[in-house]
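# Examination of the molecular architecture
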Amino acid sequence: MRLLLVVNSFASSVTARNTVVVHQKLARHHDVQVVETNRRGHATRFAQDAARRGIDAVVSFGGDGTLNEVATGVAGTDTALAVLPGGSTNVFARTIGIPNDALEAVDLLVGALGRDAISPVGLGRCNGRYFTFHTGIGYDAAVVRRVEERAALKRYAGHPLFVVASLRTWAFGYDRKSPHFTVTFDGAGSPAPVDDAYFTIVMNTNPYTFLGNRPLDLVPGTEPGSGLSVVTFTSMNASHILRSLGSALRGGGVPDAPWLDIRRDVRSLTVTNPVSFPYQLDGDYLGETQGLTFEHVPDAVRLVRSGT
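This section reports on the structure supplied with the text. Since the model is a prediction, treat every value here as computed from it, not as a measurement.

### Details of the packing of helix H1 (residues 16-27) against helix H5 (residues 102-114)
It is the contact of H1 with H5, at a shortest axis distance of 10 Å, that shows an interaxial angle of 15°. By the criterion of interaxial angle, the relationship of H1 to H5 is roughly parallel. Seen from above, H1 lies across H5 with right-handed handedness. In this structure, H1 contributes Arg17, Asn18, Val21, Val22, Lys25 and Leu26 to the contact, and H5 contributes Ala102, Leu103, Val106, Asp107, Leu109, Val110 and Leu113. Of the residues that constitute the contact of H1 with H5, the class distribution is nine nonpolar, one polar and three charged.

### As for the packing of aromatic side chains
Summed over the entire model, instances satisfying the criterion amount to five aromatic pairs. Geometrically, the ring pair formed by Phe131 and Phe294 is edge-to-face, given 6.1 Å between the ring centres and 85° between the ring planes. Here the residue Phe131 occupies a position in strand E6 (residues 129-131), and Phe294 occupies one in strand E16 (residues 284-304), the gap between them amounting to 163 residues. What makes Phe294 buried here is its relative accessible area of 1%. A centroid spacing of 5.8 Å and a plane angle of 65° characterise the contact between Tyr139 and Tyr174, whose relative ring orientation is edge-to-face. Of this pair, Tyr139 sits in helix H6 (residues 139-148) while Tyr174 sits in the loop between helix H8 (159-172) and strand E8 (181-185), and the two are 35 residues apart along the sequence.

### Topic: unusual backbone geometry
The omega torsion of the bond from Asn206 to Pro207 falls at 10°, within 30 degrees of zero and hence cis. Positive phi outside glycine occurs at Asn127, with the angle close to 50°. Here Asn127 lies in the loop between strand E5 (118-126) and E6. Its identity is not glycine, yet Asp299 carries a phi of approximately 50°, on the positive side. Here Asp299 is to be found in strand E16.

### Looking at the side chain of Asn18
Within the element layout of this structure, Asn18 appears in helix H1. Only 2.8 Å separates the side chain of Asn18 from the backbone nitrogen of Thr15, close enough to count as a polar contact. With near-sequence residues (within four places) excluded, Asn18 lies in contact with Ser13, Phe61 and Leu103.

What counts and how
- Residues numbered from 1 in each chain as written.
- Predicted model: local features only at pLDDT ≥ 70, side-chain atom pairs only at ≥ 80, totals over all residues.
- Heavy atoms only, no water.
- Axes fitted to C-alpha atoms, helices over the stretch in contact; angles between N-to-C directions.
- Helix = DSSP H or I, 4+ residues; strand = E, 2+ residues; numbered from the N terminus.
- Parallel < 35°, antiparallel > 145°, perpendicular 65-115°, else oblique.
- Left-handed = near helix turned anticlockwise from the far one by under 90°.
- Contact = heavy atoms within 4.5 Å.
- Nonpolar A, V, L, I, M, F, W, Y, C, P; charged D, E, K, R; others polar.
- Phe/Tyr/Trp six-rings, centres within 6.5 Å; stacked < 30°, edge-to-face > 60°.
- Buried < 20%, exposed > 50% of the residue type's maximum accessible area, 1.4 Å probe, protein only.
- Polar contact = N/O pair within 3.5 Å; in protein donor to acceptor, adjacent residues only side chain to side chain.

Right, dumping it as structure tokens:
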């Protein structure tokens, strides 16, 4: 096969050594071209160009943000998407059973490519941009914004940085008194809008993320072949949030609660407010907006099934 290996050398667990080893292992069996990203959006342009040239698969070696860009670049084309974990969390890779070590994962990838183990999967789409595992709106995005302000520490601090950012954002960086937006579900027979939303997570897969080796399990059964799951918090009360997150860490998902709105198998929805609110896609902070439109796109990308 003809492969394009897209490397984000700034990702948390990507090194010069493991990049060389990954390249060598792939090149024993395939024609491999290597490119490195150096700015946001670069991976998408590499992937789009590869699809235009008829490359068989683009291998994303980086974190969740790099994967998001590559998936966006190959979505809707015959060029397949392959995943190697190179970030601090690697949510999508781990969700589909890929080991969290690139050198272990590349051996499985070589085997999957040799078997032509490729099949289509669905993605979420937000304002025209694809996402592989989730979009966070409101408080969640404000936390990611604070983490990205300290991007130099992310490679070394990892999950502790996210915990500290979450606490500081809750205490000082997010309005906990007034709702931030309205969530409206589209289609006949849809439930009433959620008018008092403080933050929402729109999921294409479950878990939402990982804390170390522990999955944060919000809505079990959420997978690319189904519709989106949508979890909305209608309270910023600390005890409410901690009770829900504690349940998620114990497994089995978050239970119904007065401060939660949980929807499954959602095909489309909108999030709006007259005042702008923050959002992030697959862990990348994208700024503030007054409106988001979501849809689930079945069979959006051809995925190399290299998970265990």
